[in-house]
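Fold and geometry: a report
Here are the chains, one letter per residue:
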Amino acid sequence: ERAGMRTVAFCESDEGKRAILRKHWPLVPCFPDVEALSGSQIEERVDVICGGFPCQDLSNAGRRGGLAGKRRGLWAHFARLIGEIRPRYIIVENVPGLLVRGMGEVLGDLATLGYDAEWDCIPAAAVGAPHLRARIWILAYPSGKRNEAHDTICAGRPELVLCSRWASEPIANRVDDGTSGRLVNYAGDAVVPQIPEIIGRAILRCEGLKAE
């Protein structure tokens, strides 16, 4: 939305997080279970699917089960929805551990569905945040489609910094500062919005559309 796109649906299993989404997007449907969600339930046209899937099986800090871990089914349903909806673009986010614990399967699934993909590891620090938080971002589009978004994202490192909109950033305390565990969990699940904003603007430029 910061790039000029409009959200038509969410999918989130956690009730607390759904409450946050309802507060900020009261008119946008939020489905509770990706395993039960079908493309036919989304009434509006979908040009871009953007999301991630649980990283605990992929992260170096986890059990390193990869996509064979117990949470791998969520990527399978993500891929299923891509096949049902057939969006023009797909944006996938996850931890760098995906590169060695499942990247081949993700790219293989996308190829089977008829999508080419390119990717880069972009840290939060690239948009001016005072922490690293490196994440893999995969951009996929129908096979054979000439696309310049990846070049815009990867070659435009100065743009990543110039697009930063950090008003302020609290000091990262290394001891208990009284923050609730639920809030910490939500922060851990979050992505830095400046990065998908840049990807969204690159997509709009590729489509010949002017970002707002």
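What you see is a predicted model; the values in this text were computed from it and never measured.

1. A short note on a nonpolar patch on the surface
Together, Leu 99, Val 100 and Trp 119 line one region of the surface with nonpolar side chains, adding up to about 300 Å² of accessible area. Relative to the helices and strands, Trp 119 is located in strand 5 (residues 115-123).

2. Topic: the side chain of Arg 18
For Arg 18, the location among the structural elements is in helix 1 (residues 15-24). For Arg 18, a relative accessible area of 12% gives the class buried. A polar atom in the side chain of Arg 18 sits 3.1 Å from the backbone oxygen of Glu 12. At a separation of 2.8 Å, a polar atom in the side chain of Arg 18 contacts the main-chain carbonyl oxygen of Ser 13.

3. Digging into the packing of aromatic side chains
Within this structure, the stated rule accounts for three aromatic pairs. Through successive ring pairs, a cluster of aromatic residues spans Phe 53, Trp 75 and Phe 78.

4. A few points about the sheet that holds strand 6 (residues 134-142)
Spatial strand order, 3-4-6-5: four strands in an open sheet with mixed pairing. Whereas interior strands pair on both sides, the edge strands pair on one side only; in this sheet they are strand 3 (48-52) and strand 5. Neighbour to neighbour, the strand axes of the sheet diverge by 15° on average, direction disregarded. Here strand 4 (residues 89-94) runs beside strand 6; their pairing, made up of five bridges, is antiparallel. The residue of strand 6 that forms the bridge with Ile 91 is Leu 139. Across the sheet, helix 3 (residues 103-112) is in contact with strand 4, strand 5 and strand 6; its angle to strand 5 comes to roughly 145°. In this fold helix 7 (residues 194-206) packs onto strand 4, strand 5 and strand 6, with an angle of close to 20° to the strand it touches most, strand 6.

5. Regarding the pattern of salt bridges
Throughout the structure, instances matching the rule amount to nine salt bridges. Across the pair Arg 6 and Glu 44 runs a salt bridge, and its minimum N-O distance is 2.8 Å. One end of the pair, Arg 6, is in the segment before strand 1 (10-11); the other, Glu 44, is in the loop between strand 2 (30-31) and strand 3, with 38 residues separating them in the sequence. A relative accessible area of 40% places Glu 44 in the partly exposed class. The salt bridge partner of Arg 135 is Glu 93, with a shortest N-O separation of 3.4 Å. Linking Arg 135 in strand 6 with Glu 93 in strand 4, this pair joins segments that are 42 residues apart in sequence. Of the residues examined, Arg 135 reaches a relative accessible area of 17% and is grouped as buried.

6. Details of the environment of Leu 132
Among the secondary structure elements, Leu 132 is positioned in the loop between strand 5 and strand 6. Classification of Leu 132 by relative accessible area gives exposed; the value is 57%. Taking C-alpha positions, Leu 132 is 9.1 Å from Ile 122, a pair spaced 10 residues apart along the chain. Apart from the residues within four sequence positions on either side, Leu 132 is in contact with Pro 123, Ala 124 and Ala 125.

Thresholds, definitions, all that
Residues numbered from 1 in each chain as written. Predicted model: local features only at pLDDT ≥ 70, side-chain atom pairs only at ≥ 80, totals over all residues. Heavy atoms only, no water. Patch = residues over 30% accessible without salt bridge, like charges linked within 9 Å, V, L, I, M, F, W, Y side chains within 5 Å. Areas by Shrake-Rupley, 256 points an atom, 1.4 Å probe, with all protein chains shown as cover. Salt bridge = Lys/Arg side-chain N within 4 Å of Asp/Glu carboxyl O. Helix = DSSP H or I, 4+ residues; strand = E, 2+ residues; numbered from the N terminus. Buried < 20%, exposed > 50% of the residue type's maximum accessible area, 1.4 Å probe, protein only. Polar contact = N/O pair within 3.5 Å; in protein donor to acceptor, adjacent residues only side chain to side chain. Phe/Tyr/Trp six-rings, centres within 6.5 Å; stacked < 30°, edge-to-face > 60°. Pairing = 2+ DSSP bridges. Axes fitted to C-alpha atoms, helices over the stretch in contact; angles between N-to-C directions. Contact = heavy atoms within 4.5 Å.

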